[in-house]
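So the chains spell out like this:
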Amino acid sequence: MTTTTTFDAAAFGKVGVLFGGRSAEREISLISGNGVLQALQSRGIDAHAFDPGTQSLADLAAQKFDRVFIALHGRYGEDGSLQGALEQLGIPYTGSGVMASSIGMDKITTKKIWLTEGVPTPQYATIDADSDLDAVVAKLGLPLIVKPPLEGSSIGITKVTEIGQLKEAIALVASMDDAVLAEEFVTGREFTVAVLGQGAAARALPIVEIVAPEGKYDYQNKYFTDDTQYHCPAPLPEALTQEIQRHAVNAYRALGCEGWGRVDVLVRESDMRPFLLEVNTSPGMTTHSLVPMAARAVGIGYEDLCIEILRSARLKMGGKGKAKE
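(A) Up close: empty space enclosed by the protein. Taken as a whole and assessed by the stated rule, the structure comprises two cavities of 30 Å³ or more. Empty space within the second largest cavity amounts to approximately 50 Å³. Lining of the second largest cavity is provided by Ile 70, Gly 77, Glu 78, Gln 83, Thr 94, Gly 95, Ser 96, Ser 101, Trp 260, Thr 281 and Ser 282. The residue inventory of the lining of the second largest cavity, partitioned by class, reads two nonpolar, eight polar and one charged.

Below is the structure:
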């Protein structure tokens, strides 16, 4: 059963929904943001669209928003740069702060912190012009995954099955990022865990299992086909469900995330051991997106999810703190 949140819409003030942007994920952000905008307006909130990809920070300041909902994905929206500008402008915003957003966007730095905090994640290597590729393969084995550490939505990812493919995969990533991430390939089932809240109050929503055609959960299968199957709650033993959710919340907290996020997980088929891949600090909110799917499983409708996230908007670096409501 879906419950409806009661609230004073006027108390949120003038709300900006930030979407579009300049990243490779602009197309998805436009869909996410329009969904959020319509959801908030449908509940009587004075919400307005704002596209940082076509409008300046001066335009943003001139709008005099009381708070903003960040529905941007990828660079310049999910990486801490916009969050820093909002801190400077004194506009409370949804999601993680400057540092957590920046770290969460960088898969290499994320792994370093997770390994220090005991969060299970696949083995990896950072590749540059001086790297011994034979040594990388010896460490990680084949197949392995090569990916850009600062992109999302599976952009630029290559599964390398023989060493002769490695240079081409590295060149693809090098065209996007300065660093190249090589990662151990984990054969198993794919899951994602949405997390809401902050600190000790952060909580995991039901796990979603992703079953993509031929195991290929790429950009197309994520957003533009109906061939991918989703199971929520995921059909897992209760003990394993709780273990994965615990790891996801610990991973989220380790980076200092807040508001909302989504942690991607693989469970190795040989021993059912979970491995965490990355955290998304501004997840998708499209009709195919997984956070709204997980929320529905516990009776939180799309509109109420948007309101819960918006309610958490605040400045993270001092100043006025949480937006008034």
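(B) Inspection of the sheet that holds strand β5 (residues 144-147) at higher detail. Overall, antiparallel pairing links the four strands, which are arranged β4-β7-β5-β6 in an open sheet. Two strands lie at the open edges of the sheet, namely β4 (124-127) and β6 (158-160), each paired on one side alone. Neighbour-to-neighbour, the strand axes of this sheet turn through a mean angle of 25 degrees, independent of strand direction. The pairing of β5 with strand β7 (residues 180-184) spans four bridges and is antiparallel. Residue pairing in the sheet places Leu 144 in a bridge with Glu 184 of β7. Contacts from helix α6 (residues 133-140) reach β4, β5 and β7, with the element oriented near 165 degrees to β4. Helix α7 (residues 166-174) contacts β4, β5, β6 and β7 of the sheet and is inclined by roughly 25 degrees relative to β5.

(C) Fine view of the side chain of Thr 192. With respect to the element layout, Thr 192 can be found in strand β8 (residues 188-198). From its side chain, Thr 192 meets the backbone oxygen of Val 263 in a polar contact 3.2 Å long. Within the local environment of Thr 192, its side chain forms a polar contact with the side chain of Asp 264, the two groups lying 2.7 Å apart. For Thr 192, the contacting residues outside a window of four places in its chain are Ile 207, Val 208, Ile 210, Arg 262, Val 263, Asp 264 and Leu 290.

(D) Inspection of the side chain of Glu 78 at higher detail. Relative to the helices and strands, Glu 78 is located in the loop between β3 (67-70) and α3 (81-89). Only 3.1 Å separates the side chain of Glu 78 from the backbone nitrogen of Thr 281, close enough to count as a polar contact. Sequence-distant contacts of Glu 78, that is, excluding residues within four places in its chain, are made with Leu 72, His 73, Gln 83, Ser 101, Met 105, Asn 280, Thr 281 and Ser 282.

(E) Main features of the environment of Val 173. Relative to the helices and strands, Val 173 is located in helix α7. Here Val 173 falls in the buried class, since its relative accessible area comes to 0%. In the structure, Val 173 is positioned 50 residues away from Gln 123 in sequence and 19 Å away in space, judged by C-alpha atoms. Those residues in contact with Val 173, other than ones at most four positions away along the chain, are Val 146, Lys 147, Pro 148, Pro 149, Gly 156, Ala 179 and Val 180.

(F) Representation of the nonpolar core within the structure. In this structure, Val 17, Val 36, Leu 40, Ile 45, Phe 69, Leu 305 and Cys 306 are the most contacted members of the largest nonpolar core, which totals 33 residues. When contributions to this core are tallied by element, the ones reaching two or more residues are β1 (14-18), α1 (26-42), β8, β10 (208-211), α10 (290-296) and α11 (302-311). Leaving out residues up to four positions away in the same chain, Cys 306 has contacts with Val 36, Ala 39, Leu 40, Phe 69 and Met 285. Core analysis: the next-biggest nonpolar cluster, separate from the first, contains 23 residues, Ile 103, Val 119, Ile 207 and Val 263 among them.

(G) Region of the structure containing the pairing of β7. Counting buried residues along β7, five of its five residues qualify, which places the element largely inside the surrounding structure. Bridge analysis of β4 against β7 gives four bridges, and the strand direction is antiparallel. For Ala 125, the partnering residue across the bridge sits in β7 and is Ala 182.

(H) Structural view of the pattern of salt bridges. Inspection of the entire model under this criterion finds 10 salt bridges. Asp 177 serves as the salt-bridge partner of Arg 75, at 2.3 Å between the closest nitrogen and oxygen. Placement of Arg 75 in the loop between β3 and α3 and of Asp 177 in the loop between α7 and β7 is noted, with a sequence separation of 102 residues between them. A relative accessible area of 4% means that Asp 177 is categorised as buried. Linking Asp 271 and Arg 268 is a salt bridge whose minimum nitrogen-to-oxygen distance equals 2.6 Å. In this structure Asp 271 comes out as partly exposed when scored by relative accessible area, which is 40%. Three or more residues are tied together by salt bridges with common partners; here these are Lys 111, Lys 147 and Glu 183.

About the criteria used
- Residues numbered from 1 in each chain as written.
- Predicted model: local features only at pLDDT ≥ 70, side-chain atom pairs only at ≥ 80, totals over all residues.
- Heavy atoms only, no water.
- 1 Å grid on protein atoms, 1.4 Å probe; cavity = no way out; pocket = protein on both sides within 12 Å on 5 of 7 lines; lining within 4 Å.
- Points joined across faces, edges and corners; volume = space filled by probe spheres on them.
- Nonpolar A, V, L, I, M, F, W, Y, C, P; charged D, E, K, R; others polar.
- Pairing = 2+ DSSP bridges.
- Helix = DSSP H or I, 4+ residues; strand = E, 2+ residues; numbered from the N terminus.
- Axes fitted to C-alpha atoms, helices over the stretch in contact; angles between N-to-C directions.
- Contact = heavy atoms within 4.5 Å.
- Polar contact = N/O pair within 3.5 Å; in protein donor to acceptor, adjacent residues only side chain to side chain.
- Buried < 20%, exposed > 50% of the residue type's maximum accessible area, 1.4 Å probe, protein only.
- Core = buried A, V, L, I, M, F, W, Y, C linked by side-chain atoms within 4.5 Å.
- Salt bridge = Lys/Arg side-chain N within 4 Å of Asp/Glu carboxyl O.

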